[in-house]
Amino acid sequence: MTPTQNISLKPFHSFGCEVNAAYFTTIESSQSLESALDWCKQHNKPFLVLGSGSNMLFTKQVDALVLKMEIKGIQKTNETASAVYLSVGAGENWHHFVSYCVQKGWGGIENLSLIPGTVGAAPIQNIGAYGVEVKETIENITAYDTHNGEWVKLNKLDCDFGYRNSLFKKEKNRYIICKVDFCLQKQPKLRIDYGAIREVLHQKEIQNPSLEDVSNAVILIRTQKLPDPKKIGNAGSFFKNPTISKEQFEALKIKNDDIMAFPISDIAYKLAAGWLIEHCGWKGVKKGNIGCYEKQALVIVNYGNGTGQEILDFSKEIIQSVLEKFGVELEREVNIY
Ligand code: EPU
């Protein structure tokens, strides 16, 4: 294995910042992963795993071997009367995989249509949208455990999934995901309770939606609300929706009657970070090349040649003003390098 040296990462991440990696290689198989990790050991260099770079902010040059995951393949491993089991390479494009399943009539991930990224990255932050999280369809994950130097097959329960969280995020850089096993439903129960989906289906006068109708509704909502990373640099939601206590929510509600939040237990609420940011006046604000997206305040955009550091600084200003106004500390959802 001979890596490419001093390569620009601009085409390999959705913020499109100009930043170089010292070493770069593509990973097409578990064997090529093992050779790349051997190279790191021999040359005493760290590694950095990259899917399609859609949740990544580079604030400095990468002095590491970038492993661009390109392990492909969608394989049916089992089928019952009600379900189908699929084993999917980490380098498959997520939306391509969703579309493939929708076309086949296999349900469970249609609400996650058009989410940028790869299949291998999906479990790391347990991608979620419109009332569905990917953890609901994952069975097992095959990964290389770099701490012990061995291949492991982790069951969904081992993965410790939570809201935009998992074992892979908690133990950063330990596991390199190569394959994800899914279980999808042949007679799926569609999840159309989310307001925006219901509205689109109603507008289109669709009473008995198919998987494809739901997928198309999600695609429409996302294209209307979120910037296309091919046109404007961004990484989707930059922050997580914060969880606060019931007491804190009730105190906030007194001063902010229209605050957007929903209970997640008897003692906790999840707040819409987009609402908080908008109500600090950030929605649509531009500072040089960087801005807060005009249609969804949770998204930070790079309008041109902004640097990762500028984006990080802009996000710090947002965090600070939300903290000052509402007493709530936003946490970034994007991975910072
Ligand atoms: N809101 C505002 N102002 C804004 C944005 C949102 O007031 O600028 C309010 C809306 O009124 C709405 C509420 O916040 O009532 C929720 O907004 P939305 O439905 O757009 O969802 P979100 O909580 O902002 C989350 C995910 C998105 C996902 C959507 C849809 C996180 C961090 N983000 O956003 O995921 O697409 O729900 O389910 O949980 C991503 O992770 O990159 C992403 C785009």
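Refer to the structure above for everything that follows.
Report on the accompanying structure. From a predicted model like this one, the values you see are computed outputs, not experimental measurements.

1. Considerations on the nonpolar core
Counting 40 residues, the largest nonpolar core has Trp94, Phe97, Leu112, Ile141 and Phe182 as the members making the most contacts within it. Sorting the residues of this core by element identifies strand 7 (83-89), helix 2 (94-104), strand 10 (138-145), strand 11 (150-155), helix 3 (167-170), strand 12 (175-185), helix 4 (195-203) and helix 5 (211-225) as the ones contributing at least two each. Excluding its chain neighbours within four sequence positions, the residues that come into contact with phenylalanine 182 are Val84, Tyr85, Leu86, Val88, Trp94, Phe97, Val119, Val134, Thr137, Ile138 and Glu139. Counting 32 residues, the second-largest nonpolar core is a separate cluster that includes Phe239, Ile244, Tyr269 and Val322.

2. A closer look at the packing of aromatic side chains
Evaluation of the coordinates by the stated rule reveals 15 aromatic pairs. A ring pair is formed by tyrosine 100 and tryptophan 106, whose centres lie 6.1 Å apart and whose planes are at 70°; its orientation type is edge-to-face. Using a relative accessible area of 27% as the deciding quantity, one classes tyrosine 100 as partly exposed. One aromatic cluster in this structure is built from Phe15, Phe238 and Phe239. Taking NZ or CZ as reference, lysine 286 lies 4.3 Å from the ring centre of tyrosine 303, over its face.

3. A look at the packing of helix 4 against helix 5
Running from N to C, helix 4 and helix 5 cross one another at 110°; their axes reach a closest spacing of 9 Å. With respect to each other, helix 4 and helix 5 are oriented roughly perpendicular. Facing Ala196, Ile197, Val200 and Leu201 of helix 4, the residues of helix 5 in contact are Asp213, Ala217, Val218, Leu220 and Ile221. Considered class by class, the residues forming the contact of helix 4 with helix 5 number 8 nonpolar, no polar and 1 charged.

4. Re the sheet that holds strand 16 (residues 268-271)
In space, the 3 strands of this open sheet follow the order 14-16-15, with antiparallel pairing throughout. Of all strands in the sheet, those bounded by a partner on one side alone are strand 14 (243-245) and strand 15 (261-263). Pairs of neighbouring strands in the sheet enclose a mean axial angle of 35°, with direction left out of account. Judged from the 3 bridges that link them, strand 15 and strand 16 form a sheet pairing that is antiparallel. Each residue of the ladder has a partner; that of phenylalanine 262, found in strand 16, is lysine 270.

So, how was this worked out
Residues numbered from 1 in each chain as written. Predicted model: local features only at pLDDT ≥ 70, side-chain atom pairs only at ≥ 80, totals over all residues. Heavy atoms only, no water. Core = buried A, V, L, I, M, F, W, Y, C linked by side-chain atoms within 4.5 Å. Buried < 20%, exposed > 50% of the residue type's maximum accessible area, 1.4 Å probe, protein only. Helix = DSSP H or I, 4+ residues; strand = E, 2+ residues; numbered from the N terminus. Contact = heavy atoms within 4.5 Å. Phe/Tyr/Trp six-rings, centres within 6.5 Å; stacked < 30°, edge-to-face > 60°. Lys NZ or Arg CZ within 6 Å of the ring centre and 35° of its normal. Axes fitted to C-alpha atoms, helices over the stretch in contact; angles between N-to-C directions. Parallel < 35°, antiparallel > 145°, perpendicular 65-115°, else oblique. Nonpolar A, V, L, I, M, F, W, Y, C, P; charged D, E, K, R; others polar. Pairing = 2+ DSSP bridges.

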